[in-house]
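Results of the structural survey
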Amino acid sequence: MDRVLDVQQTRNGFGFAEALDYVPSLTVPVLYAQVEQDVYTFNTETEQNDI
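Every chain begins its residue count from 1, and numbering advances along the sequence as written. A pLDDT threshold of at least 70 governs which residues receive local features in this predicted model, and a stricter bar of 80 or more applies before side-chain atom pairs are shown or counted, although totals over entire chains, interfaces and linings include all residues. Side-chain numbers come from the whole structure's heavy atoms, not from hydrogens or water.

1. Quick word on the overall build of the protein
Numbering goes from the N terminus for both helices and strands, where a helix is a DSSP run of H or I of at least four residues and a strand is a run of E of at least two. Helix and strand content of the protein: one helix and two strands. For the protein, the N- to C-terminal ordering of α and β elements is α-β-β. For a compact globule the rule gives 2.2 Å times the number of residues to the power 0.38, and the radius of gyration it is set against comes from C-alpha atoms. Its C-alpha atoms give the protein a radius of gyration of 14 Å, clearly above 10 Å, the size a compact globule of 51 residues would have. Principal-axis analysis of the C-alpha atoms gives the protein an extent of 35 × 35 × 15 Å. Counting every position in the protein, which comprises 51 residues, the buried fraction comes to 8%. For every accessible area listed, the method is Shrake-Rupley and the probe measures 1.4 Å; residues are considered covered only by the protein chains on display. Of the roughly 5,200 Å² that the protein leaves accessible, carbon and sulfur atoms contribute 54%. Classification of residues uses two cut-offs on accessible area relative to the type maximum, computed with a 1.4 Å probe and protein chains only: under 20% is buried, over 50% is exposed, and between them is partly exposed.

This is the structure in structure tokens:
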């Protein structure tokens, strides 16, 4: 996780963004799409998706 954050900060100039901080600024519809058990968002401890 730390390595990914470092690469994002180096490449993009910022790391992770908290989407909820920017929701009030959205002026167009947003569609999230993913597979049911996406390895990046599926929490094996709770058996739920984090998105």
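2. What to know about a nonpolar patch on the surface
There is a patch of nonpolar side chains on the surface, built from L20, V23, L26, V30 and Y32 and spanning about 540 Å² of accessible area. Among the secondary structure elements, Y32 is positioned in the loop between α1 (2-12) and β1 (42-43). A relative accessible area of 62% places Y32 in the exposed class. Each patch is built from salt-bridge-free residues with over 30% relative accessible area, joining like charges within 9 Å and nonpolar side chains (Val, Leu, Ile, Met, Phe, Trp, Tyr) within 5 Å. Salt bridges are defined by distance alone: a side-chain nitrogen of Lys or Arg within 4 Å of a carboxyl oxygen of Asp or Glu.

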